[in-house]
Amino acid sequence: MNNRDQESKYFRAKERVENIKKFYTSALSYVIFIGFLAGLNYWLNEWNYPWFLWAAFGWGIGLVFQGVKAFGFNPILGKNWEERKINELMREEEEQTKWK
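Bear in mind that the values here come from a model prediction, so they are computed numbers and not experimental data.

(A) Structural view of the nonpolar core. Counting residues in hydrophobic clusters, the biggest one holds ten residues: Phe-23, Ala-27, Tyr-30, Ile-34, Leu-37, Ala-38, Phe-52, Ala-56, Leu-63 and Ala-70. Broken down by secondary-structure element, the contributors of at least two residues to this core are α1 (3–45) and α2 (52–71). Of all the elements, α1 adds the most residues to this core, at six residues.

Here you go:
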């Protein structure tokens, strides 16, 4: 393994760690803010109409997508699909340049 591959793996890992860190920060913000909205909703009308659930649902969808991106869960293309595809395309390019 050469130095370039090692650097590439390092930068991909660093980017993934940053995404995971952002996800955890967003999840903590979600819990605190939705908790605040739930308390406010209860204080104003004792949950006769739980309007805070609209905010929880909307923000929750975004949080799920952020988690999928951060943890690399992709049920459609499978685990490590992107890495395998990149390697496949790099091999094809190497074969094409060999014969030129």
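(B) Structural context of unusual backbone geometry. Although it is not a glycine, Glu-46 adopts a positive phi angle of roughly 50 degrees. In this fold, Glu-46 is placed in the loop between α1 and α2. Positive phi is not limited to glycine here, since Trp-47 has a value of about 60 degrees. For Trp-47, a relative accessible area of 42% gives the class partly exposed.

(C) Spatial organisation of the UniProt feature "transmembrane region" (unreviewed entry) in the protein. What UniProt calls "transmembrane region" (unreviewed entry) maps, in this numbering, to residues 23–45 and 51–71. Across residues 23–45 one finds 100% helix and 0% strand; the C-alpha atoms that close the span lie 32 Å apart. Helix makes up 95% of residues 51–71 and strand 0%. Its end C-alpha atoms lie 31 Å apart.

Criteria and thresholds
- Along each chain, the written sequence defines residue order, and numbers are assigned to residues from 1.
- The predicted origin of the model limits local features to residues at a pLDDT of at least 70 and limits the giving and counting of side-chain atom pairs to 80 or more, whereas totals for whole chains, interfaces and linings rest on all residues.
- Think of the side-chain values as coming from all heavy atoms in the structure, minus any hydrogens and water.
- We define the nonpolar core as a collection of buried residues of types Ala, Val, Leu, Ile, Met, Phe, Trp, Tyr and Cys that are connected through side-chain atoms lying within 4.5 Å of one another.
- With a 1.4 Å probe rolled over the protein chains alone, any residue whose accessible area is under 20% of its type maximum counts as buried; one over 50% counts as exposed, and the rest are partly exposed.
- Secondary structure follows DSSP: runs of H or I at least 4 residues long count as helices, runs of E at least 2 residues long count as strands, and numbering of each begins at the N terminus.
- UniProt positions are given in the numbering used here, feature names are shortened, and annotations may be inferred rather than shown by experiment.

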